[in-house]
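These are the residues of each chain, in order.
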Amino acid sequence: MVDSGQYFTINRARQYGKTTTLQALGEFLKTEYKVVSLDFQMISHAEFESEQSFMSAFSRELLETNVQIPKDIHEKLSEIEYGEAGTSLSALFKCLTQWCGRERKGIVLIIDEVDSAGGCQVFLDFLAQLRGYYIKRRRTPTFQSVILAGVYDIKNLKRKFVADDEHKMNSPWNIAADFLIDMSFSEKDISGMLSEYERDHNAGMDIQTVAGLIYDYTSGYPYLVSRICKLIDERIAGREPFWEKGSAWTRNGVLEAVKLLLGEPNTLFESLINKLEDYPELDKMLRDLLFNGKEIAYVVGVRSIENALMFGFVKRADNTIVIANRIFETLLYNLYLASPEMQRGC
């Protein structure tokens with residue numbers, strides 16, 4: 001996708017390996033391209049309030065990377081950072097396009113955590129500028145590729161605009177190619193990781209059995225897979241009744257890790273629970289799936305379904321939606337059964 005000059009967005013749920021993927025991709029691309037990696041979490045909400053503050057923050061983050069920048073471009077970016085080069089985004093993009101035209105290697109721009117800019121008009125204007133230069137890239141130098149990553153699809157970010165202002169409602173990112181790569185781990189992927197572990201530690205595990213069981217509980221959700229393995233290695237092996245490392249890498253060891261995982265606070269579970277509070281229609285749909293046995297067909301455009309997929313609660317199975325994995329299913333059951341409403345029999 002990068003070699004063919006595509007712009008695209010990686011949208012996956014929390015703790016799905018987006019940042020790790022971007023870091024690995026950036027390292028891989030460095031031999032052929034100049035890679036500029038930014039993180040919008042480093043830009044405060046206040047800095048998205050105006051073009052001037054955003055330009056200053058963007059230039060600051062760009063200058064703080066370890067990317068070698070031509071001296072005159074560096075000076076222009078410094079001027080933009082300190083508000084000495086105009087207050088319009090066009091000044092920033094004029095500088096960027098000059099840099100792109102100067103580089104023998106194409107420049108790949110990677111931006112992580114674009115969710116941080118959600119709902120800010122200046123971010124949509126920034127995307128519109130990227131789109132404009134992409135469209136005229138045959139005549140004007142621009143980035144080889146732009147990769148944005150976050151939980152929310154750019155098209156789904158909340159926008160507080162006047163409804164009749166058409167140019168603000170249209171998507172400025174309709175140039176993006178579809179990113180269809182499956183980032184979850186297959187049972188084969190898990191077996192490969194366990195094989196590497198086995199070579200290093202000689203645990204004597206039945207790799208296929210352990211990999212299959214981990215996959216059964218996680219459906220390949222990257223954080224859950226890695227967390228179960230980490231718990232087995234660091235908190236189960238060497239403790240009663242799993243004194244021998246080999247005894248931990250068994251069915252009973254995996255089940256014990258699942259139990260520990262469901263009983264610990266972590267950022268993924270906290271994020272999921274917060275989404276239930278923020279999206280009541282999502283909460284209701286999940287209750288229907290779990291307690292009413294309701295079969296819910298996948299329909300494009302239904303907000304509760306799209307949100308459930310985006311946040312990772314569910315997955316598509318043929319033309320219906322089901323809870324994404326057994327760990328999430330158990331987490332939700334435990335949460336709902338402990339709620340005051342359920343205890344009152346409501």
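Residues numbered from 1 in each chain as written. Predicted model: local features only at pLDDT ≥ 70, side-chain atom pairs only at ≥ 80, totals over all residues. Heavy atoms only, no water.

Draft legend 1. Highlighting the sheet that holds strand β1 (residues 8-11). Strand order in the open sheet made by the four strands is β1-β4-β3-β2, with parallel pairing throughout. Each end of this open sheet is capped by a strand with a single partner; those strands are β1 and β2 (34-39). Along the sheet, successive strands turn relative to each other by an average axial angle of 15°, direction set aside. Both β2 and strand β3 (residues 107-112) contribute to a ladder of six bridges, which runs parallel. (Pairing = 2+ DSSP bridges. Helix = DSSP H or I, 4+ residues; strand = E, 2+ residues; numbered from the N terminus. Axes fitted to C-alpha atoms, helices over the stretch in contact; angles between N-to-C directions.)

Draft legend 2. Layout of helix α8 (residues 207-218). Given a rise of 1.5 Å per residue, 12 residues ought to cover 16 Å, and the 16 Å separating the end C-alpha atoms of α8 matches this to within 8%. Residues of α8 that are buried include every one of Ile207, Val210, Ala211, Gly212, Leu213, Ile214, Tyr217 and Thr218, and no others. On its buried face, α8 sits against α7 (187-201), α9 (222-236), α11 (251-262) and α15 (326-337). Just beyond α8, the residue with positive phi is Ser219, at close to 55°. (Expected span 1.5 Å × (residues − 1). Buried < 20%, exposed > 50% of the residue type's maximum accessible area, 1.4 Å probe, protein only. Contact = heavy atoms within 4.5 Å.)

Draft legend 3. Summary view of the pairing of strand β4 (residues 145-150). Judged by how many residues are buried, β4 sits mostly within the fold: six of six residues are covered. Because side chains alternate across β4, one face comprises the buried residues Ser145, Ile147 and Ala149, and the other comprises Val146, Leu148 and Gly150, equally buried. Inspection of the sheet shows β1 paired to β4 by four bridges, in the parallel sense. Considered in β4, the bridge of Asn11 is made with Gly150. Where β3 lies against β4, four bridges are found, and the strand directions are parallel. Across the sheet, residue Val108 finds its bridge partner in β4, namely Ser145.

Draft legend 4. Representation of the environment of Cys229 within the structure. Note on placement: Cys229 falls in helix α9. The spatial distance from the C-alpha of Cys229 to the C-alpha of Gly263 is 16 Å, given a sequence separation of 34 residues. Beyond its immediate sequence surroundings of up to four residues, Cys229 is in contact with Leu194, Ile214 and Trp249.

Draft legend 5. The nonpolar core, seen in detail. Ranked by size, the top nonpolar core spans 71 residues in total, and within it Leu286, Phe313 and Phe328 carry the most contacts. When residues in this core are grouped by element, the largest group, eight residues, is from α9. Ignoring sequence-local partners within four residues, the contact set of Phe328 consists of Tyr221, Leu224, Leu268, Phe269, Leu272, Gly312, Phe313 and Ile323. (Core = buried A, V, L, I, M, F, W, Y, C linked by side-chain atoms within 4.5 Å.)

Draft legend 6. Geometry of the packing of helix α4 (residues 89-102) against helix α5 (residues 121-135). Running from N to C, α4 and α5 point in directions that differ by 40°, and their axes come no closer than 11 Å. Taken together, the axes of α4 and α5 lie oblique to each other. Helix-helix and strand crossings are classified by hand; for α4 and α5 the assignment is right-handed. Counting all contacts with α4, which are made through Leu89, Ser90, Phe93, Lys94 and Thr97, the residues of α5 involved are Val122, Asp125, Phe126, Gln129, Leu130 and Tyr133. Class assignment of the residues belonging to the contact of α4 with α5 gives a composition of six nonpolar, three polar and two charged. (Parallel < 35°, antiparallel > 145°, perpendicular 65-115°, else oblique. Left-handed = near helix turned anticlockwise from the far one by under 90°. Nonpolar A, V, L, I, M, F, W, Y, C, P; charged D, E, K, R; others polar.)

Draft legend 7. Structural detail: empty space enclosed by the protein. Following the criterion strictly, the structure yields one cavity of 30 Å³ or more and no others. By volume, the largest cavity amounts to about 50 Å³. Around the largest cavity sit Ala13, Arg14, Val151, Leu268, Ser271, Leu272, Lys275 and Phe311, which together line it. With four residues, the single largest contributor to the lining of the largest cavity is helix α12 (residues 267-278). Here the residues of the lining of the largest cavity sort into five nonpolar, one polar and two charged. (1 Å grid on protein atoms, 1.4 Å probe; cavity = no way out; pocket = protein on both sides within 12 Å on 5 of 7 lines; lining within 4 Å. Points joined across faces, edges and corners; volume = space filled by probe spheres on them.)

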